[in-house]
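Residues per chain, in single letters:
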Amino acid sequence: MKKCSQILLLVLFGTFLITANAQSKSFKNGKIKASNYFEELSFEFEKNKIVIPVEIEGKTYRFLLDTGAPNIISKEVYETIQPKKIVTLSTNDANSLSQDLDIVSIESIKLGSLEFQKFSALVYDLNGSDIFKCFGIDGFIGSNMLRHSIIQINAEQKTIKITDDIKRFGLNKKQSEKLKLVGNQSSPYVWIKVKGEDNGKEMVLIDTGMGSLYDLSEENYDVFKTKNIYNEIGKSDGASSVSLFGEVPIDSQIRVHLPKLVIQDFEINNAITHTTKGDHSKIGAELLNYGIMTLDYKNKRFYFNSYNESLSLNGDFGFTQTLKNNKLVIGYVWDEDLKTKINYGDEILEVNGEEVNATNFCDYVTKKSVLKLLNKLTLKVKKENGNVLELTVEKKQLSSIFDNFKIN
């Protein structure tokens, strides 16, 4: 068995992030059985997750398109197709718990009529996680399988186009950014601009498995501390993630306001995010709601054709939700008034009079975005001591805070 302590796997609620920094070069395997190809696929888009149909040995499966991950197949798919095992890796999750995961070679994977041959994939028990059960997915299509191609994602039309000829998209190279492919799984990174009183640039992972818009790593935030770019607007002890191999420990994170985030030429005003563990920041699939993204792995270019020149974000409820012990719970609490009432781990029993139970639990994981869509919530929350609290929270508009900050 080959050991590799550098592989980290992390599943985030609202985010699926799996990074495999494998010393093995197994993820460089594979070829496409075509040239001058062009394929168009329809996909499902729920909670900013891209689920596409994938054919293996004549059977159609549901795979998540995740540019922040390598290919992954479930144990059920593995047992059905019995692929050749390449290597077994000792794998640590973000909580330093360990499991041995196999890397296998899949003879053929089809996206539409386009056939991918002998690409590598990790094998993981996806049905052992309630999150993956809710999405009903059988695996992941990751960047290691996309690295020879150009993919264009249109969330408005719910279509993905795959080709090896950038001319088919009629794009202007001058309106693109350099794409850097990192590691053996060819993870795509691009530079973005961050602006406050001072200006800066940040290299971020384009991670379509992450449902949110922008995650700021602790390490990058520390680098920017000497500049007046991010405005600290809160701190909280809690968690917003679910580790693959065990419960994520409580940590302290910082909530920040970014006056202006610029992705290529698209300006996002008043972005609110919080720091996260890890050594890189990420742009997620929420961006797909605002334009058409093209990842040119072949020529290492990134294109984003936005529907509008800019977007202004404003307002939130002052807390996050996550999962713990297969229950919907409070994550981070940013609002100072709410901190006197709710804490990380408090179970959410009801939302606007609707009980959260085994029957509708998956709806809250995969479909319902009450924290984004509504301006007022009535919650029934069970405290750690067993007491049940009912409270009404309103989305707070943050324009009064923004007015105090300068933007260049």
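Computed from a predicted structure; not experimentally measured.

Novice: What is the right way to look at the overall build of the protein chain in this model?
Specialist: Secondary structure summary: the protein chain contains seven helices and 33 strands in total. Looking at the protein chain residue by residue over its 408 residues, the buried ones come to 55%. Sequence separation of at least 24 residues holds for 66% of the intrachain contacts in the protein chain that already meet a minimum separation of 6. Accessible surface for the protein chain amounts to roughly 18000 Å². Of this, 43% is attributable to carbon and sulfur atoms.

Novice: Just checking my understanding: could you explain the sheet that holds strand β13 (residues 150-154) for this structure?
Specialist: Either a parallel or an antiparallel arrangement is found when strands of a sheet pair, and the pairing is made through backbone hydrogen bonds. Here we have six strands laid out as an open sheet, ordered β4-β14-β13-β25-β26-β15, and antiparallel in their pairing. With partners counted over all chains shown, the strands left at the sheet margins are β4 (38-42) and β15 (177-178), one partner each. Bridge count for β13 against strand β14 (residues 159-163) is five bridges, and the pairing is antiparallel. In the sheet register, Asn 154 faces β14, and the bridge partner there is Thr 159.

Novice: It is not clear to me how the pattern of salt bridges should be interpreted in this structure. Could you clarify?
Specialist: Where charged atoms from two side chains of opposite charge approach closely, those side chains can pair. Taken as a whole and assessed by the stated rule, the structure comprises 10 salt bridges. Where Glu 267 meets Lys 260, a salt bridge forms, and the shortest distance between an N and an O atom there is 3.4 Å. A relative accessible area of 28% places Glu 267 in the partly exposed class. Residues Glu 350 and Lys 380 are paired through a salt bridge, measuring 3.7 Å at the closest nitrogen-oxygen approach. Here Glu 350 is found in strand β30 (residues 347-351), whereas its partner Lys 380 is found in strand β32 (residues 376-382), with 30 residues between them in sequence. For Glu 350, a relative accessible area of 23% translates into the label partly exposed.

Novice: Help me understand the confidence of the model for the protein chain in this model?
Specialist: Regions with low pLDDT carry predicted coordinates that are not meant to be interpreted in detail. Taken over all residues, the pLDDT of the protein chain has a mean of 86, while the share at 70 or more is 86%. This stretch, residues 1-23, has a pLDDT under 50; its non-local contacts, to residues over four places away or in other chains, come to 105 contacts.

Novice: Explain the environment of Asn 299 here, please?
Specialist: As for its position among the elements, Asn 299 is in the loop between β25 (291-296) and β26 (301-306). Residue Asn 299 is classed as partly exposed on the basis of its relative accessible area of 41%. In sequence terms Asn 299 and His 148 are 151 residues apart; their C-alpha atoms lie 8.9 Å from each other. Sequence-distant contacts of Asn 299, defined by excluding residues within four places in its chain, comprise Ile 150 and Ile 166.

Novice: Would you explain the environment of Ile 250 in this entry?
Specialist: Here Ile 250 shows up in the loop between β21 (241-243) and β22 (251-263). Judged by its relative accessible area of 56%, Ile 250 is exposed. Setting aside residues up to four positions removed in sequence, Ile 250 forms contacts with Asp 237, Gly 238 and Tyr 344.

Novice: What is the right way to read the pairing of strand β33 (residues 388-394) from this model?
Specialist: Each regular strand shows side chains that alternate between the opposite faces of the sheet. Of the pairings in the sheet, the one linking β32 to β33 comprises seven bridges and is antiparallel in character. For Lys 380, the partnering residue across the bridge sits in β33 and is Glu 390. In this antiparallel pair of consecutive strands, β32 and β33, the connection spans five residues, and Gly 386 shows a positive phi of 95 degrees.

Novice: Even after reading the chapter, I still don't get the packing of aromatic side chains, so can you show me in this structure?
Specialist: Given two aromatic rings, their pairing is described by the distance between the two centres and the angle made by the two planes. Applying the stated criterion across every chain yields a total of nine aromatic pairs. Residues Tyr 221 and Tyr 230 carry aromatic rings whose centres are separated by 6.0 Å and whose planes lie at 75 degrees to one another, so their mutual orientation is edge-to-face. Judged by its relative accessible area of 7%, Tyr 221 falls in the buried class. Judged by its relative accessible area of 9%, Tyr 230 is buried.

Calculation criteria
- Residues numbered from 1 in each chain as written.
- Predicted model: local features only at pLDDT ≥ 70, side-chain atom pairs only at ≥ 80, totals over all residues.
- Heavy atoms only, no water.
- Helix = DSSP H or I, 4+ residues; strand = E, 2+ residues; numbered from the N terminus.
- Buried < 20%, exposed > 50% of the residue type's maximum accessible area, 1.4 Å probe, protein only.
- Contact = heavy atoms within 4.5 Å.
- Areas by Shrake-Rupley, 256 points an atom, 1.4 Å probe, with all protein chains shown as cover.
- Pairing = 2+ DSSP bridges.
- Salt bridge = Lys/Arg side-chain N within 4 Å of Asp/Glu carboxyl O.
- pLDDT = per-residue confidence, 0-100.
- Phe/Tyr/Trp six-rings, centres within 6.5 Å; stacked < 30°, edge-to-face > 60°.

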